[in-house]
Amino acid sequence: MLRGRWIAMLLLCLIVAGVFAWLGQWQLERAIETDPPAPGATEQVRPLDEVVQPGEYLPEPLVGQRVETEGVWVPGDFLVVGSRFNDGAEGYWVTGQLRVDERVSLAVAIGWAPDREAADAAVERLEAEADGGVVEVAGRVISDEGPSVPPRSDPEQMDRMSPAALLSRWHDTEQLDVYRPYLASTTATAGLDDIASPAPEEQSPVNWLNVFYAAEWVIFAGFAFYLWYRLAKDAWEREVEEFEDAEGSAAV
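Cut-off values and rules
- Residues numbered from 1 in each chain as written.
- Predicted model: local features only at pLDDT ≥ 70, side-chain atom pairs only at ≥ 80, totals over all residues.
- Heavy atoms only, no water.
- Core = buried A, V, L, I, M, F, W, Y, C linked by side-chain atoms within 4.5 Å.
- Buried < 20%, exposed > 50% of the residue type's maximum accessible area, 1.4 Å probe, protein only.
- Helix = DSSP H or I, 4+ residues; strand = E, 2+ residues; numbered from the N terminus.
- Contact = heavy atoms within 4.5 Å.
- Phe/Tyr/Trp six-rings, centres within 6.5 Å; stacked < 30°, edge-to-face > 60°.

Some points on the nonpolar core
Alright, step 1. Counting 28 residues, the largest nonpolar core has Val 51, Trp 73, Phe 78, Val 94, Val 108, Ile 110 and Leu 192 as its most contacted members.
Alright, step 2. Within the residue set of this core, elements represented by two or more residues are α2 (48-51), β2 (65-73), β4 (89-101), β5 (104-113), α3 (116-129) and β6 (135-142).
Alright, step 3. By residue number, the principal contributor to this core is β5, which donates 5 residues.
Alright, step 4. Setting aside its immediate chain neighbours within four residues, Leu 192 contacts Val 94, Ile 110, Gly 111, Trp 112, Ala 113 and Ala 122.
Alright, step 5. If you look at the next biggest cluster of nonpolar residues, it comprises 16 residues, including Leu 79, Ala 109, Leu 176 and Tyr 182.

Describing the environment of Phe 20
Alright, step 1. Relative to the helices and strands, Phe 20 is located in helix α1 (residues 4-31).
Alright, step 2. Residue classification places Phe 20 among the partly exposed positions, given a relative accessible area of 22%.
Alright, step 3. Each C-alpha atom, one on Phe 20 and one on Gly 222, is 9.2 Å from the other, the two residues being 202 residues apart in sequence.
Alright, step 4. When residues no more than four places from it in sequence are discounted, the contact partners of Phe 20 are Trp 217, Phe 220 and Ala 221.

Points about the packing of aromatic side chains
Alright, step 1. As enumerated under the stated definition, the model contains 7 aromatic pairs in all.
Alright, step 2. Centroid distance Phe 20 to Trp 217: 5.4 Å. Interplanar angle 35 degrees. Geometry classified as tilted. Of the two residues, Phe 20 sits in helix α1 while Trp 217 sits in helix α5 (residues 208-251), which places them 197 residues apart along the sequence.
Alright, step 3. For Trp 217, a relative accessible area of 23% puts it in the partly exposed group.
Alright, step 4. With a centroid separation of 6.2 Å and 40 degrees between ring planes, the pair formed by Phe 223 and Tyr 226 is classed as tilted.

Dropping the structure here:
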């Protein structure tokens, strides 16, 4: 182990282990949230533009944050989304395009209906009431669920709350900026039921997956030293065997 070859190998292992240790420290820093949201922070109503901007992804700590905004409903863009559960009962959401600023829109889940007939009736009522007046909307901002492929029997059916999918069916979308998350309204209108949207569960400030990754890097660093020791020992044992064989041959 004191030979130049193995000392050089040890120095290489030290460099490799140092890199692994740095990676482990980096993962550990990411595992612990140094500035976690205060308990109940999501229940404090904040302006929408303070929480997320158009086109941006919603940061995880802010999923379910209560927000408020105002805008104008765009006629013709009240659409129905299926497979929505309200306190365990399956039904439909009626959604709308809320123009919150010039060329900026937000998808809003306005309310819940127990069947398609009630949802369609609410759409007709909302269309009749969409007179271009400014409305105030408050609720929880939630991440896009992602679009899904509709069944062949009904190509217009939507079963996921996805602003991207709604955007493809909205009107007047040229040069339009759209919020990636959607807003689940707290108070329903047009005869719909309020959407059941409980407060999100408080998250632990420790990301255990990153802690596991940090532990992996520590193991890798230790393995670098073990590899050096194992290679050096194998070389030593091989030399001892060769020496013993040479002594045996000389004795014969």
